[in-house]
Amino acid sequence: KRALQIGAAGEVFVSTYLHEDIINEIKQKTASVAAEFHLISTETEEGVQFKNIGGVGAILRFSI
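Residues numbered from 1 in each chain as written. Predicted model: local features only at pLDDT ≥ 70, side-chain atom pairs only at ≥ 80, totals over all residues. Heavy atoms only, no water.

Caption draft 1: Expanded view of the overall build of the protein. Within the protein, the regular secondary structure consists of three helices and three strands. Order of helices (α) and strands (β) in the protein, N terminus to C terminus: α-β-α-β-α-β. Across its three principal directions, the C-alpha atoms of the protein cover 30 × 25 × 15 Å. The burial tally for the protein puts 27% of its 64 residues in the buried class. Looking at the protein alone, contacts between residues at least 24 apart form 74% of all its contacts between residues at least 6 apart. Side chains of the protein give 6 positive and 8 negative charges; the mean places of these two sets differ by 11 Å. (Helix = DSSP H or I, 4+ residues; strand = E, 2+ residues; numbered from the N terminus. Buried < 20%, exposed > 50% of the residue type's maximum accessible area, 1.4 Å probe, protein only. Contact = heavy atoms within 4.5 Å. Lys, Arg positive; Asp, Glu negative; His and termini not counted. Charge placed at Lys NZ, Arg CZ, Asp CG, Glu CD.)

Right under this line is the structure:
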């Protein structure tokens, strides 16, 4: 959340496992800082692993 607030997130990854309201909130914040938004499906082994480590991640534009 902090990375989005200060515009540090360049790409944001969100698991489809999360509640739709949370996904939409993150998507709106991502658009407001002109970052890319990616949904990660839990139908793959990698998607399940991503869900298991929290389900939200980002590639940063700069260190925070």
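Caption draft 2: Structural context of unusual backbone geometry. A positive phi angle is found at alanine 34, which is not glycine, with a value near 55°. Looking at the element boundaries, alanine 34 is found in the loop between helix H2 (20–32) and strand S2 (36–40).

Caption draft 3: Spotlight on the environment of asparagine 24. As for its position among the elements, asparagine 24 is in helix H2. The sequence separation of asparagine 24 and glycine 7 amounts to 17 residues, and the corresponding C-alpha distance is 18 Å.

Caption draft 4: Inspection of the side chain of threonine 30 at higher detail. Structurally, the position occupied by threonine 30 is in helix H2. A polar atom in the side chain of threonine 30 sits 2.7 Å from the backbone oxygen of isoleucine 26. Dropping the residues within four chain positions of it, threonine 30 is found in contact with Leu4, Val12, Ala35, Glu36 and Phe37. (Polar contact = N/O pair within 3.5 Å; in protein donor to acceptor, adjacent residues only side chain to side chain.)

Caption draft 5: Summary view of a nonpolar patch on the surface. On the surface, a nonpolar cluster with roughly 350 Å² of combined accessible area is contributed by Ile6, Leu60, Phe62 and Ile64. For phenylalanine 62, the position within the fold is in the segment after strand S3 (56–60). (Patch = residues over 30% accessible without salt bridge, like charges linked within 9 Å, V, L, I, M, F, W, Y side chains within 5 Å. Areas by Shrake-Rupley, 256 points an atom, 1.4 Å probe, with all protein chains shown as cover. Salt bridge = Lys/Arg side-chain N within 4 Å of Asp/Glu carboxyl O.)

That's the geometry; what it means functionally is another story.
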